[in-house]
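Read off the chains here:
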Amino acid sequence: MFDILIVGAGSSGAAIAARASENPNLSICLVEAGPDYPDLSRTPRDLINSHNNSYTDHDWKFRYEPTTGRSVAFPRGRVVGGSSAVNTTIALRGMPEDYDEWAAAGNPEWAWDQVLPAFRRLERDLDFGHEPWHGDAGPISIRRYPRGELTTPQAAFLDAADRLGYPYCADANEPWGYGAGPHPMNKLGRLRVSCAVGYLAPARIRPNLHIRSHSHVSRLVLDKGRCAGVEVLQAEGGIERLNARLVVVCAGALQSPALLMRSGIGERTQLENHGITCVREHPGVGKNLSDHPALSVVCRGKDGLKVDHDAPIIQTILRYTSPGSDKRNDLQIEQISFAGKPDGPPMFAIAAVLEYQYGRGEVLLGGADPLTAPIVHNRFCEDERDLKRLVGCMRDTLGFAATSPLADMTHSISFPDPARGTDDATLETLCRRFSASGYHPCGTVKMGPENDPLAVVDQYGRCHGVDGLVIADASIMPSVPRANTNLTCIMIGEKVGEWLRTRPTAYGL
Ligand SMILES: Cc1cc2nc3c(=O)[nH]c(=O)nc-3n(C[C@H](O)[C@H](O)[C@H](O)COP(=O)(O)OP(=O)(O)OC[C@H]3O[C@@H](n4cnc5c(N)ncnc54)[C@H](O)[C@@H]3O)c2cc1C
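Residues numbered from 1 in each chain as written. Predicted model: local features only at pLDDT ≥ 70, side-chain atom pairs only at ≥ 80, totals over all residues. Heavy atoms only, no water.

### Some details on the site of the ligand
Here is step 1 of the chain: Lining the immediate surroundings of the ligand are 36 residues, of which S11, E32, S83, T485 and N486 lie closest.
Here is step 2 of the chain: At 2.6 Å from an oxygen atom of the ligand is found a side-chain nitrogen or oxygen belonging to E32.
Here is step 3 of the chain: Q255 has a polar side-chain atom sitting 3.2 Å from a nitrogen atom of the ligand.
Here is step 4 of the chain: Expressed as a share of its isolated accessible area of 1000 Å², the protein-covered part of the ligand is 98%. (Near = heavy atom within 4 Å. Polar contact = N/O pair within 3.5 Å; in protein donor to acceptor, adjacent residues only side chain to side chain. Areas by Shrake-Rupley, 256 points an atom, 1.4 Å probe, with all protein chains shown as cover.)

Below, the structure is given as structure tokens:
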């Protein structure tokens, strides 16, 4: 019997395990479906190498439908460290208004002034650690590429931004910042500073923290309105039960709702259609899927342009606001250093990303079998407000490709096909058809007060109507923040971990 059993050792789960285990009176078991690499000497290169994402060796092999009728791979990390161990290491915070919006929806603990201490605590900002909005002693090291370390397309992107009149922004995490500059990144040289590296490496020697890898949780054990533990699939085909006084689900925005549904928590008709008895009706489980729709301009470089596929894939960013929008920095444009194949012609891309999304998708249960993948419908750009702003962002991105020095490097544009024109109607069709995920799903087990019909957990992550059960990861965000989501997931882990460490009685411990 553990005090706390955490399902999923990803960005949030690893941070919770590390913070909660600082309390030596709590015994903690961190359960992860994927493998564990306890030190860097035994960690495979795809997890070390942050110059590109790891897409295959430690992945769940899920698919999703970004826009109706299209099926695309949806990468998710399956390893201790979770998606933080396979990602691009962009370390960006949302806008203060994002968190204030969560607070206004009935979650005052998540207002900007409440989350800022957790953002500061999680980071060791090597460039701006002295600023009052930054931290200089946290587990996640963050730095920005200086000009001399930028690849040719990345340096050209910043020069084009300057020519287009965007201001230079030295620190994209400055709360009121805007403009183009280097990305804050949680990498040191090539090393990806994942949550396995930053949080678990120093915590794993604690005698009260047990890390169980290769342990796929098939179901929560629910008994008389209380979660009493989990069932884990065994390699030989059997099931092992693990008991805990509190179960904290951190399986990510696709798998946390799926695990709840398989265990009988969700929309009654959907569960019954899969032959699952509804233990606690929660219509919000799997709903409210929020993400960042994106589409890229792909450029064929001039012959002789050096494009290195082993260089950092991304280094710079433009955060800006679409005309007439009341949502500050609701758009991003990012330079992608290389595209296509290493043995093909030199290619690079420029990504247009919608950061404030009005539309919502959903995650459905694929089946009662725990090995069945969830079904994901994003419904990108079905909301006209999203469509219009992504079209505008694509137009601005085309403007980058047409501006020196990026234009001087470009032989031709491969996408969107110039022969088909780039009028608004054409760009709308392309966005409706081809926009795809920025890999930032969240919102599918939304937090909020009990009178919110779609809220599944309260603002402390406690499941409404089920004792002994907490959910704490990307799924509890009411909406996607205007930033890549890793830092916000770690911040969620910091806050819930701190509450568990200092106020265990609030969780029945
Ligand atoms: C390829 C890629 C690139 C990305 N790039 C960036 C970036 O540069 N910057 C950024 O901010 N964000 C990025 N993201 C998004 C970011 O990494 C995620 O938002 C964040 O890591 C999610 O954290 P989480 O804790 O919610 O889930 P995860 O980190 O995904 O953790 C969930 C964990 O639970 C485990 N798990 C799931 N189901 C079970 C089960 N049934 N039993 C046991 N274990 C289970 C999983 O294996 C995983 O380890 C990227 C994501 C991907 C996939």
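The structure having been displayed, the exposition proceeds.
### Quick notes on the domain arrangement of the protein chain
Here is step 1 of the chain: Segmenting the protein chain into domains produces domain 1 (1-142 + 190-292 + 440-509) and domain 2 (145-182 + 294-356 + 381-434).
Here is step 2 of the chain: Its C-alpha centre places domain 1 at a distance of 30 Å from the equivalent point of domain 2.
Here is step 3 of the chain: Each partner contributes residues to the interface: domain 1 has 30 residues there, and domain 2 has 31 residues.
Here is step 4 of the chain: When the two sides are added together, the surface that domain 1 and domain 2 hide from each other amounts to roughly 2300 Å², 49% of it contributed by carbon and sulfur.
Here is step 5 of the chain: Counting every contact that joins domain 1 to domain 2 gives 3 salt bridges.
Here is step 6 of the chain: In this structure, the salt-bridge partner of D310 is R45, at a minimum N-O distance of 4.0 Å.
Here is step 7 of the chain: Linking domain 1 with domain 2 are 18 residue pairs in polar contact (both at pLDDT 80 or more), by the criterion used here.
Here is step 8 of the chain: Take the side of domain 1 that touches domain 2: its biggest share by element is 4 residues, from helix α3 (residues 96-104). (Domains from an automatic or database assignment. Contact = heavy atoms within 4.5 Å. Buried area = accessible area lost by both parts, 1.4 Å probe. Salt bridge = Lys/Arg side-chain N within 4 Å of Asp/Glu carboxyl O. Helix = DSSP H or I, 4+ residues; strand = E, 2+ residues; numbered from the N terminus.)

### Considerations on unusual backbone geometry
Here is step 1 of the chain: Residue P405 is reached from S404 by a cis peptide bond, and omega for that bond is 0°.
Here is step 2 of the chain: Mapped onto the elements of the fold, P405 is located in the loop between α9 (384-401) and α10 (406-409).
Here is step 3 of the chain: Cis geometry is found at the peptide bond from F415 to P416, where omega equals -5°.
Here is step 4 of the chain: Tracing the chain through its elements places P416 in the loop between β22 (410-415) and α11 (424-434).
Here is step 5 of the chain: The phi torsion at K224 lies on the positive side, around 50°, for a residue other than glycine.

### Quick look at the packing of aromatic side chains
Each aromatic ring pair is summarised here by two numbers: the centre-to-centre distance and the angle between the ring planes.
Here is step 1 of the chain: Within the structure shown, the criterion is met by 16 aromatic pairs.
Here is step 2 of the chain: Seen in terms of ring centroids, W60 and F62 are 5.7 Å apart; in terms of plane orientation they differ by 25°. Their pairing is stacked. Both residues of the pair, W60 and F62, count as buried.
Here is step 3 of the chain: Ring geometry for Y99 against F119: centres 5.5 Å apart, planes inclined by 65°, an arrangement best described as edge-to-face. Linking Y99 in helix α3 with F119 in helix α4 (residues 112-122), this pair joins segments that are 20 residues apart in sequence.
Here is step 4 of the chain: Judged by its relative accessible area of 0%, Y99 is buried.
Here is step 5 of the chain: When the ring centre of W60 is taken as origin, the NZ or CZ atom of R78, which lies over that ring, is 4.6 Å away.
Here is step 6 of the chain: Lying over the aromatic face of Y358, R385 brings its terminal NZ or CZ to 3.9 Å of the ring centre. (Phe/Tyr/Trp six-rings, centres within 6.5 Å; stacked < 30°, edge-to-face > 60°. Buried < 20%, exposed > 50% of the residue type's maximum accessible area, 1.4 Å probe, protein only. Lys NZ or Arg CZ within 6 Å of the ring centre and 35° of its normal.)

### Overview of the environment of R385
Here is step 1 of the chain: If you trace the backbone, R385 turns up in helix α9.
Here is step 2 of the chain: One polar contact links R385 to D383, side chain to side chain, over a distance of 2.8 Å.

### Focus: the nonpolar core
Here is step 1 of the chain: Ranked by size, the top nonpolar core spans 86 residues in total, and within it I4, V248, L469 and L500 carry the most contacts.
Here is step 2 of the chain: Ranked by residue count, the leading element in this core is helix α12 (residues 486-502), at 8 residues.
Here is step 3 of the chain: If near-sequence neighbours (up to four positions away) are discounted, L500 is found in contact with I4, I16, A20, L26, L246, V248, Y507 and L509.
Here is step 4 of the chain: By size, the runner-up hydrophobic cluster in this structure holds 53 residues, among which are L318, I336, V353 and C381. (Core = buried A, V, L, I, M, F, W, Y, C linked by side-chain atoms within 4.5 Å.)

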